[in-house]
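# Coordinates in review
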Amino acid sequence: MSSKPKIILDCDPGLDDAVAIVVAAEHTDLIGITTVGGNAPLIDVTNNALLTCQVFDLEVPVHSGAVRPLVAEPLHAPEVHGEKGFDGPNLPELTRSVDSDDAIGYIIESARSIDDLWIVATGPLTNLAMAFEQAPDIVTKINGVSWMGGSAAEGNHTAAAEFNALVDPEAVDQVFRAGLNWLFMAGLDLTHQFNTDDALQAAVEAIGTPGSQMIADLMANYLNMMDNIIGVRSGGLHDPCAVLALTHPDLIERSMRHVVCELDGTHTRGMTLVDQRGYRDGVTPNVHWGHTIKSDAAKQVVISSVAAQSGHQL
Ligand code: BDR
Ligand code: CA
């Protein structure tokens, strides 16, 4: 029996979601992939998830989910990932197709039928919020949720809000208050310590496989985009951190915190407020807040995962 954690990866690829898929394929028992509108419209991020599975030859079911947030208008990030979320590589013709367009039903059914299931979420939390709303019994049936999103300090899409949180703050609010057994938050505090840069891009490209070339080309595009936006050829490789929190716990230090998501606020909608006072009367911590990552070791996990999953011995 596999000792790897059984996970569903709920994502919106994007470069860093694609890397999360590859790391999950190597280090987890990846039961399925679900997609949610986020970095790009649902149709595009779903195609990108399928393309990643196709290029890396992953036999993993893909189910598409929520096309839009619970309440907010859809919001995408073409300035970071391109209009269709996967700018950069020469992509092959897509030959894979989705297993269903009912990610929420798939999550509910999997949670009920599979013991010790984890959910790793690397996009807006819309699918999870809808699944928990429709099937409250699964909230404590699953082992827990590891989410890339939020921040204890600055935002990225606005001054206050991280992108995944800003896209669907109501979903964050619902998931954070759902009463999960375990909830991990890989916020920007953590992921900004784990950057894509030219050295990592070159190391991935040097692997020399079709899969590594796709990831390297996505990285090169991301570095160009970051150069345009902030004038630095470096940017957080956010989403794999949510996988690593489960698979490589020694690489990420964490502390219990009480975290809420701002739903109103003139300038602060989508902000995650992390109570840094720690334990106080009347405040029960609900989140394992990741704050420090061993970045060099984590990069080696990324490089070796891309190599192994694309059939290359390092
Ligand atoms: C998050 O937003 C997306 O652009 C990335 O894929 C990541 O999940 C970072 O704010
Ligand atoms: Ca993402």
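Report follows, based on the coordinates. (Residues numbered from 1 in each chain as written. Chains lettered and ligands numbered in written order. Predicted model: local features only at pLDDT ≥ 70, side-chain atom pairs only at ≥ 80, totals over all residues. Heavy atoms only, no water.)

## With respect to the coordination of the calcium ion (ligand 2)
- Surrounding the calcium ion (ligand 2) are the protein donor atoms Asp12 (OD), Asp17 (OD), Asp17 (OD), Thr122 (O) and Asp239 (OD), which sit 2.2 to 2.6 Å from the metal.
- Motif for the calcium ion (ligand 2), donor spacing along one chain: D-x4-D-x104-T-x116-D. Here Asp17 is found in helix 1 (residues 15-27), whereas its partner Asp239 is found in the loop between strand 8 (234-236) and helix 11 (240-247), with 222 residues between them in sequence. With respect to class, Asp17 is no different from Asp239; both count as buried. (Donors = N, O, S within 2.8 Å, 3.2 Å for Na, K, Ca; no water. Helix = DSSP H or I, 4+ residues; strand = E, 2+ residues; numbered from the N terminus. Buried < 20%, exposed > 50% of the residue type's maximum accessible area, 1.4 Å probe, protein only.)

## Points about a nonpolar patch on the surface
- On the surface, a cluster of nonpolar side chains totalling about 260 Å² of accessible area is made up of Ile229, Ile230 and Val232.
- By secondary structure assignment, the location of Ile230 is in helix 10 (residues 210-230). (Patch = residues over 30% accessible without salt bridge, like charges linked within 9 Å, V, L, I, M, F, W, Y side chains within 5 Å. Areas by Shrake-Rupley, 256 points an atom, 1.4 Å probe, with all protein chains shown as cover. Salt bridge = Lys/Arg side-chain N within 4 Å of Asp/Glu carboxyl O.)

## Observations concerning the site of ligand 1
- All residues in the neighbourhood of ligand 1 are listed as Asp16, Asp17, Asn39, His81, Thr122, Met148, Asn156, Glu162, Phe163, Asn164, His238 and Asp239.
- Between Asp17 and ligand 1, the recorded distance is 3.1 Å, taken from a side-chain N or O atom to an oxygen atom.
- When ligand 1 sits alone it has 280 Å² of accessible area, and the protein chains cover 97% of it.
- Among the detected pockets, ligand 1 sits in the largest pocket.
- Elements represented by at least two residues in the shell around ligand 1 include exactly helix 1 and helix 6 (163-167). (Near = heavy atom within 4 Å. Polar contact = N/O pair within 3.5 Å; in protein donor to acceptor, adjacent residues only side chain to side chain. 1 Å grid on protein atoms, 1.4 Å probe; cavity = no way out; pocket = protein on both sides within 12 Å on 5 of 7 lines; lining within 4 Å. Sits in = over half its atoms within 2 Å of the grid points.)

## Structural notes on the pattern of salt bridges
- Evaluation of the coordinates by the stated rule reveals 10 salt bridges.
- Residue Glu59 is joined to Arg96 by a salt bridge in which the shortest nitrogen-to-oxygen separation is 3.6 Å. Placement of Glu59 in the loop between helix 2 (42-55) and strand 3 (62-64) and of Arg96 in the loop between helix 3 (78-81) and helix 4 (103-113) is noted, with a sequence separation of 37 residues between them.
- A relative accessible area of 68% places Glu59 in the exposed class.
- What makes Arg96 partly exposed here is its relative accessible area of 22%.
- In this structure, Asp137 engages Arg112 in a salt bridge whose closest nitrogen and oxygen atoms are separated by 2.8 Å.

## A short note on the sheet that holds strand 4 (residues 117-121)
- Across the sheet, nine strands lie side by side as 3-2-1-4-5-6-11-9-10; this open sheet has mixed pairing. The outermost strands of the open sheet, each flanked by one partner alone, are strand 3 and strand 10 (272-275). Across the sheet, the axes of successive neighbouring strands diverge by a mean angle of 30°, strand direction being ignored.
- As judged from the four bridges shared by strand 9 (residues 252-261) and strand 10, these two strands associate in the antiparallel manner. Looking across to strand 10, one finds that Cys261 is bridged to Thr272.
- Packed onto the sheet, helix 11 meets strand 1 (6-11), strand 4, strand 5 (144-148), strand 6 (183-186), strand 9 and strand 11 (287-293) and runs at close to 155° relative to strand 4. (Pairing = 2+ DSSP bridges. Axes fitted to C-alpha atoms, helices over the stretch in contact; angles between N-to-C directions. Contact = heavy atoms within 4.5 Å.)

## Overview of helix 12 (residues 295-309)
- The end-to-end C-alpha distance of helix 12 is 21 Å, a good match for the 21 Å that 15 residues give at a rise of 1.5 Å each.
- By the burial criterion, the buried members of helix 12 are Ser295, Ala298, Lys299, Val301, Val302, Ile303, Ser305, Val306, Ala307 and Gln309.
- In this structure, the buried side of helix 12 is in contact with helix 1, strand 7 (195-197), helix 9 (198-205), helix 10, helix 11 and strand 11.
- Looking at the residues trailing helix 12, positive phi occurs at Gly311, about 75°. (Expected span 1.5 Å × (residues − 1).)

## Focus on the packing of aromatic side chains
- According to the stated counting rule, one finds three aromatic pairs in the structure shown.
- Between the aromatic rings of Trp118 and Trp182, the centroid separation amounts to 5.2 Å while the plane-to-plane angle is 80°, which identifies the pairing as edge-to-face. In this pair, Trp118 sits in strand 4 while Trp182 sits in the loop between helix 7 (169-176) and strand 6, placing the two residues 64 residues apart along the sequence.
- In this structure Trp118 comes out as buried when scored by relative accessible area, which is 18%.
- For Trp182, a relative accessible area of 16% translates into the label buried.
- Their ring planes at 15° and their centres at 6.1 Å tell us that Trp182 and Phe184 sit as a pair that is stacked. Accessibility assignment for this pair places Trp182 and Phe184 in one class, buried. (Phe/Tyr/Trp six-rings, centres within 6.5 Å; stacked < 30°, edge-to-face > 60°.)

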